[in-house]
Amino acid sequence: MKEKIGNNLVLKIFSVIFAFFLWVFVINVDNPVITRSFSDVPVDMLNEQVLDDLNQTYTIEDGETVSFTVRGKKDIVDQLKKTDFRATADVSSMSDVHAIPIQVDALKYKEQLEIDTGNATVKVVLEDLKNDQFPVTVRIKGEPASGYTVTDQTASPNLVSVSGPKSMINRIDEIVAEVDVSGLKKDVTTTQTLKCYDADGDEISQDTITLDTTQISVHVQLSRTKTVPFSVKTQGSPADGYILGSVSYDPKKIEITGNADDLAKIDEIELETLDISDSTEDVEKTIKASDIKLPDGISFVQDTSDIGNIVIRANIEKQKERTIEIPVSQITLENNTKNYDVTFADKNIEVNITGLQSAVDDVEVKDLKPRIDMSLYQKGTHTVQVQLAEIDNVSIRGNVSTTITVK
């Protein structure tokens, strides 16, 4: 009996051992140890303040993200995501060649996983840290409503402190707050985000730059505008035998701004008087826009540097007289509503003109547009006034008349 019990005990122990090894075998077949790769996991930089004492900062040359492999049981590894890991690089452990080892830690199942980074590192470039201050430039975008213009813009604060890598700070040409005034009719105060620009007008990334404030308050002031002509006066007379023709200048008109009451008082802006005394040739004078005196409270909408210089030119030419014969057949009978039969005493009439030689030489009969207003006459014989068109830089000497018979 004892021998039978002993044999059963040995058999039971053997069965337990066999069952254990069978379980281990099954587990390793159904849930083996596997290796899986992860890539592009961002690397967090630690202890960056160690560079502050050296007045230095860094830019990452390589290693902003890391790739690594994870080894562990299949049922665990299969459910892992990139967000289950944290990759870090401790700046205080930087090597002499400015390489920082990357440490990857699992946020769960840490004890059941093996992580291999392949000795990955973050490679950085050290730079001196630079602090500087820049005035804020307010940049106006768009156009206010018709009849309005921007007369002032104020940023608060108007000076910004900036720190970062020396190379980046040196690139900054201006710090800008942009305000869109499209369609505005009244003053506006707005909060704007600051942007940094280089000398080429390209925006500079602020990833490695620190501004003591990134948003500022901007006040934009609007005023009414009015477009008025320029005017030029002349003094004196040209030499004998010469005559003043046109006086030219450009621009002919200008946009001014101020309060409504002051604008209402202004119909023109007078430029300097041009002296043409005894001149025998064109007289020219250049006026700087900045030298034009405007009434108090009034200013140009454009900056005077944009307006530039205004050149005034008085056209002086020899005076010429000329007699033009007009065939009476070319005289138009206006308002002949009664259909009178009209006959002329002469075949031609003479017109004496005087003025600039260039203008007088070009005059033709059709330019004078001779005409008689028949509504002024009844049947009979009359000495009538012949009406003529005005021509620039040409004068008609005396009255031009003729004799007609109306039937």
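Residues numbered from 1 in each chain as written. Predicted model: local features only at pLDDT ≥ 70, side-chain atom pairs only at ≥ 80, totals over all residues. Heavy atoms only, no water.

(A) Representation of the overall build of the protein chain in the model. Assigned secondary structure in the protein chain consists of seven helices and 30 strands. For 407 residues, the compact-globule estimate of 2.2 N^0.38 gives 22 Å, and the protein chain exceeds it by more than 25% at 48 Å. Referenced to the eigenvectors of the C-alpha coordinate spread, the extents of the protein chain come out at roughly 175 × 55 × 40 Å. Relative to its 407 residues, the protein chain shows a buried fraction of 32%. Separation of charge centres in the protein chain, based on 42 positive and 67 negative side chains, amounts to 8 Å. (Helix = DSSP H or I, 4+ residues; strand = E, 2+ residues; numbered from the N terminus. Rg over C-alpha atoms; globule rule 2.2 N^0.38 Å. Buried < 20%, exposed > 50% of the residue type's maximum accessible area, 1.4 Å probe, protein only. Lys, Arg positive; Asp, Glu negative; His and termini not counted. Charge placed at Lys NZ, Arg CZ, Asp CG, Glu CD.)

(B) Structural view of the packing of aromatic side chains. Across all of its chains, the model carries three aromatic pairs by this definition. Aromatic rings pair up to connect Phe38, Phe68 and Phe85 into one cluster. Above the face of the Tyr148 ring, Arg224 is positioned so that its terminal group lies 4.7 Å from the ring centre. (Phe/Tyr/Trp six-rings, centres within 6.5 Å; stacked < 30°, edge-to-face > 60°. Lys NZ or Arg CZ within 6 Å of the ring centre and 35° of its normal.)

(C) Quick look at the side chain of Thr57. Secondary-structure assignment places Thr57 in strand S2 (residues 56–62). Thr57 gets classed as buried once you look at its relative accessible area, which sits at 17%. Filtering out sequence-adjacent residues up to four positions away, Thr57 remains in contact with Leu51, Val125, Leu126, Glu127, Asp128, Leu129, Gly164 and Pro165. (Contact = heavy atoms within 4.5 Å.)

(D) Focus on the pattern of salt bridges. Using the criterion set out here, one finds 15 salt bridges in the structure. One salt bridge connects Asp78 with Lys74, and the closest N-O pair in it is separated by 2.7 Å. Classification of Lys74 as partly exposed rests on a relative accessible area of 36%. The network of salt bridges with shared partners includes Glu364, Lys366 and Asp367. (Salt bridge = Lys/Arg side-chain N within 4 Å of Asp/Glu carboxyl O.)

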